[in-house]
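Residue-level structural notes
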Amino acid sequence: MEIRPLLMCFALCAVYATSKPTEKKDRVHHDAPLSSKEHDDDTNFDYDHDAFLGEEEAKTFDDLTPEESKNRLGKIVDRIDADEDGFVTEAELKAWIKKAQKKYIYDNVERQWKDFDMNNDGMISWDEYKNVTYGTYLDDPESDDGYNYKQMMARDERRFKMADGNGDHIADKEEFTAFLHPEEYEHMKDIVVLETMEDIDKNGDGFIELEEYIGDMYNHEDEMDEPEWVATEREQFSEFRDKNKDGKMDKDETMDWILPADYDHAEAEAKHLVYESDTNKDGKLTKEEILNKYDLFVGSQATDFGEALVRHDEF
């Protein structure tokens, strides 16, 4: 499969986006909410189901009997207990919730995997990715169609190496996921910041100045009054982005901007689930404690919410 047309499509989309002067480009990465539903346990546990399983997976439990739901939940508990010590901790629950919420990312990686794993060995080497993505350029490096493939390839290789934890130039599923979605991984944050700064820093001084910051969001080519949001962004830059007031953003200031320390929804939900289910108050959950509160974690076709509330009060 030749990926080069996709790269050209992405580039054209970027040009198209910046050609609309009143549209604002948003580079800030925010964690999505765990559910579109309201978190109100006095009414139902739908939010908790979505948070624990992901919205699509949560729907699959709605047609199950309580016994079937408990059985599936028990198997999930075994997967959450990463160290296999028989207990589920807040940290293990948080990690599970984050993974459940990122299912769409893993599904995306699965769809792309077969296109790059050319020898079907269950791994993707840098050479495999390079040959699939840049095959036409490698065959004819002198071709000129307006795209700097040499620069794009070098940038991809740098990111691939950052995602490749053991440095063997071969990516397993998790490493390839980090390569394709670096904003989701703590150890990839530096590369996200670096690539962002390279995109915006037009004069190449290693900083983002006010006009570069605004220029990345707003196309000045059309002679018209600036939208109000542009003036607001100028104020944001001066008052909040540029923390040391030197007129530009450095690496740390850029990270604070595009990767803000948001409220950790997964951590809050993990604490909530443990608090509601931990009958002996030892700070961790057994499988029995979780299954006793199965209706908090997962749904079923026969669960009556009024009866569920009574059972929760009894426990």
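Since this is a predicted model, take the numbers as computed values, not measurements.

Focus: the environment of Lys 161
As for its position among the elements, Lys 161 is in helix H8 (residues 149-163). Exposure remark for Lys 161: the relative accessible area of 46% places this residue in the partly exposed category.

Section: the environment of Asp 250
Along the chain, the position of Asp 250 falls in the loop between strand S4 (248-249) and helix H13 (251-258). When the C-alpha atoms of Asp 250 and Glu 209 are compared, they prove to be 9.2 Å apart, with 41 residues separating the residues in sequence. Beyond its immediate chain neighbours, meaning those up to four positions away, Asp 250 contacts Met 197, Phe 207 and Asn 244. At a separation of 3.2 Å, a polar atom in the side chain of Asp 250 contacts the main-chain amide nitrogen of Asp 252.

What to know about H8
Under the 1.5 Å per step criterion, the end-to-end length of H8 is 21 Å for 15 residues, consistent within 8% with the ideal 21 Å. Listing the buried residues of H8 in full gives Tyr 149, Met 153, Asp 156, Arg 159, Phe 160 and Ala 163. Around the axis of H8, the buried residues are gathered within 125 degrees of arc, so they sit on the same side. In H8, the exposed residues that point more than 90 degrees away from the buried face are Lys 150 and Gln 151.

Points about the side chain of Arg 159
Within the secondary structure layout, Arg 159 lies in helix H8. Sequence-distant contacts of Arg 159, defined by excluding residues within four places in its chain, comprise Phe 179, Leu 180, Pro 182, Met 188, Ile 191 and Glu 195.

Some details on the UniProt feature "domain: EF-hand" (unreviewed entry) in the chain
Taking the numbering used here, the UniProt-annotated feature "domain: EF-hand" (unreviewed entry) corresponds to residues 68-103, 104-139, 151-186, 188-223 and 265-300. Between the end C-alpha atoms of residues 151-186 there is a gap of 25 Å, over a span that is 58% helix and 6% strand. Across residues 265-300, the secondary structure splits into 64% helix and 0% strand, with the terminal C-alpha atoms separated by 24 Å.

What about the packing of aromatic side chains?
Counting across every chain of the model gives 15 aromatic pairs. On the numbers, 5.7 Å between centres and 85 degrees between planes, the contact of Trp 113 with Phe 176 is edge-to-face. Linking Trp 113 in helix H6 (residues 103-116) with Phe 176 in helix H9 (residues 173-180), this pair joins segments that are 63 residues apart in sequence. On the basis of relative accessibility, which here comes to 8%, the residue Trp 113 falls in the buried class. We note Lys 248 situated over the ring of Phe 207; from NZ or CZ to the ring centre the distance is 4.3 Å.

Quick word on the pattern of salt bridges
Under the definition given, this model contains 24 salt bridges. Note that Lys 173 is salt-bridged to Glu 110, the shortest N-O span being 2.9 Å. With Lys 173 in helix H9 and Glu 110 in helix H6, this pair connects stretches of sequence that are 63 residues apart. When salt bridges with common partners are traced through the structure, they connect Arg 27, Arg 155, Arg 158, Arg 159, Glu 195, Glu 198, Asp 199 and Asp 216 into a single cluster.

Concerning the packing of helix H2 (residues 46-53) against helix H14 (residues 265-277)
When two helices pack together, their arrangement is given by the angle between the helix axes and the distance between those axes. Closest axis-to-axis distance for the H2/H14 pair is 11 Å, and the angle between their directions is 115 degrees. Once H2 is placed against H14, the crossing between them reads as left-handed. Side by side, H2 and H14 meet where Tyr 47, Asp 48, Ala 51 and Phe 52 of the first sit next to Glu 269, His 272 and Leu 273 of the second.

Regarding the packing of helix H5 (residues 90-101) against H6
Relative to each other, H5 and H6 sit at 55 degrees, their axes nearing to 4 Å. One finds that H5 runs oblique with respect to H6. When H5 is examined against H6, the residues Lys 99, Ala 100 and Gln 101 are found in contact with a partner set consisting of Lys 103, Tyr 104 and Tyr 106. Classifying every residue of the contact of H5 with H6 gives 3 nonpolar, 1 polar and 2 charged.

Comments concerning the confidence of the model for the chain
The predicted model of the chain averages 87 in pLDDT, with 85% of residues at 70 or higher. Ignoring residues within four places in sequence, the model shows residues 4-21, a span with pLDDT below 50, making 26 contacts including any to other chains. For residues 304-315, every residue scores under 50 in pLDDT, and the model assigns this stretch 21 contacts once sequence neighbours within four places are set aside.

The rules we used
Residues numbered from 1 in each chain as written. Predicted model: local features only at pLDDT ≥ 70, side-chain atom pairs only at ≥ 80, totals over all residues. Heavy atoms only, no water. Helix = DSSP H or I, 4+ residues; strand = E, 2+ residues; numbered from the N terminus. Buried < 20%, exposed > 50% of the residue type's maximum accessible area, 1.4 Å probe, protein only. Contact = heavy atoms within 4.5 Å. Polar contact = N/O pair within 3.5 Å; in protein donor to acceptor, adjacent residues only side chain to side chain. Expected span 1.5 Å × (residues − 1). Arc of directions from axis to C-beta. UniProt positions renumbered as here; feature names shortened; annotations may be inferred. Phe/Tyr/Trp six-rings, centres within 6.5 Å; stacked < 30°, edge-to-face > 60°. Lys NZ or Arg CZ within 6 Å of the ring centre and 35° of its normal. Salt bridge = Lys/Arg side-chain N within 4 Å of Asp/Glu carboxyl O. Axes fitted to C-alpha atoms, helices over the stretch in contact; angles between N-to-C directions. Left-handed = near helix turned anticlockwise from the far one by under 90°. Parallel < 35°, antiparallel > 145°, perpendicular 65-115°, else oblique. Nonpolar A, V, L, I, M, F, W, Y, C, P; charged D, E, K, R; others polar. pLDDT = per-residue confidence, 0-100.

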